[in-house]
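Observations on the model geometry
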Amino acid sequence: MPESTLSSRTVLVTGATSGIGYETARQLVERGATVLLHGRTAEEALAAADRLAATAGIDAPQLRAYGADFTHLDEVEALAGKVVDEHPHLDALVNNAGMAAPERHTITADGNEIAFQVNFLAHYLLTCLLEPALTSEPGGRVVNVSSSLHRTASIQWADPNRARRYSRLAAYAQSQLALTVFAADPRVTAVSVHPGVCDTPLLPLYGHEGATSAVGAAHVVRLCDPAVEIINGAYYERDARVAPAPAATEDRTVRRLNKLADLLVGRTA
């Protein structure tokens, strides 16, 4: 099957300076998309864009670099404002930026457990703020890069920061479950994908060897392609659609999570 062109598509990829995010950006640009590369700082994003532009067959004008540290929600708001100003129409958003929860319980300046904020709350806020750009024309979509570890998780509604009982694996898994549940939000068509266990900084959470980032990224890129039909809230493991954890299909859980997330990011409905 010939690869379809993505030449008229504009895609924002968070966490695009390394690993699956970088490879996703590379494959999207190679297929003709304009890619907005997000990094923790503008310098890191520019360096990644320069590395990609030095790759054969990549056109530098197709790349734009943006910086925002997801441990600071005001930087997420500034990123969204800039993207909407410069790209009032966005075809896809890849919520990929992620971190392993640290050994020690860590709270951000915004008052949230750090992995919950970086992996979920920042993406929740970004997606909400980019909704006008993603829905300015039909077909806009969101691809959440999640993890099969979401199946092991529970959302601690009364203590999402896990102040009472902290485990780095449970904190990470909770952030992935939240991201997967969020894909069922009706505002923007969204799916989540576990791209397989890949050789990235998150690999130690799985404890064994992984595939290359390029292999994982191909499963993400496929879901950005308008030729691939998607159903809101669907969950994929690599390229197979499978049932997510039961919580991810419950309307009540989706509504409850949105309410919690709005509270934690300071949004008023």
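All of the points below concern the structure found in this document. Remember, predicted model here, so these are calculated numbers, not experimental data.

On to the overall build of the protein. Check the secondary structure of the protein and you find seven helices and eight strands. The globule rule puts the C-alpha radius of gyration for 269 residues at 18 Å, and the 17 Å found for the protein is close to it. Principal-axis analysis of the C-alpha atoms gives the protein an extent of 50 × 40 × 35 Å. By the burial criterion, 55% of the 269 residues in the protein qualify as buried. Of the contacts formed within the protein by residues at least 6 apart in sequence, a portion of 75% connects residues at least 24 apart. Total accessible area computed for the protein in this model is approximately 11700 Å², and 52% of it derives from carbon and sulfur atoms. Distance between charge centroids for the protein: 7 Å, based on 23 positive and 30 negative side chains.

With that settled, the discussion passes to the sheet that holds strand E8 (residues 240-242). The sheet built from eight strands is open, its strands ordered E3-E2-E1-E4-E5-E6-E7-E8 with mixed pairing. Two strands close off the open sheet at either side, each with one partner strand: strand E3 (63-67) and E8. Put simply, the sheet's adjacent strands are angled 25 degrees from each other on average, direction ignored. Pairing of strand E1 (residues 10-13) with strand E2 (residues 34-39) involves four bridges; the strand directions are parallel. Within E2, the position partnered with Thr-10 by the bridge is Thr-34. The sheet contacts of helix H6 (residues 213-224) involve strand E4 (92-95), strand E5 (141-145), strand E6 (190-194) and strand E7 (235-237), and relative to E5 the element is tilted by about 165 degrees.

Turning our eyes to something else, we now look at the packing of helix H4 (residues 114-134) against helix H7 (residues 251-265). To describe two helices that pack against each other, one gives the angle between their axes and the distance between the axes. Direction vectors running N to C along H4 and H7 enclose 95 degrees, while the axes themselves pass 10 Å from each other. Relative to H7, H4 is oriented roughly perpendicular. Across the interface between the two elements, Phe-116, Phe-120, Leu-121, Tyr-124 and Leu-125 from H4 touch Leu-257, Asn-258, Ala-261, Asp-262, Leu-264 and Val-265 from H7. Among the residues making up the contact of H4 with H7, the classes are represented as nine nonpolar, one polar and one charged.

Conventions used here
Residues numbered from 1 in each chain as written. Predicted model: local features only at pLDDT ≥ 70, side-chain atom pairs only at ≥ 80, totals over all residues. Heavy atoms only, no water. Helix = DSSP H or I, 4+ residues; strand = E, 2+ residues; numbered from the N terminus. Rg over C-alpha atoms; globule rule 2.2 N^0.38 Å. Buried < 20%, exposed > 50% of the residue type's maximum accessible area, 1.4 Å probe, protein only. Contact = heavy atoms within 4.5 Å. Areas by Shrake-Rupley, 256 points an atom, 1.4 Å probe, with all protein chains shown as cover. Lys, Arg positive; Asp, Glu negative; His and termini not counted. Charge placed at Lys NZ, Arg CZ, Asp CG, Glu CD. Pairing = 2+ DSSP bridges. Axes fitted to C-alpha atoms, helices over the stretch in contact; angles between N-to-C directions. Parallel < 35°, antiparallel > 145°, perpendicular 65-115°, else oblique. Nonpolar A, V, L, I, M, F, W, Y, C, P; charged D, E, K, R; others polar.

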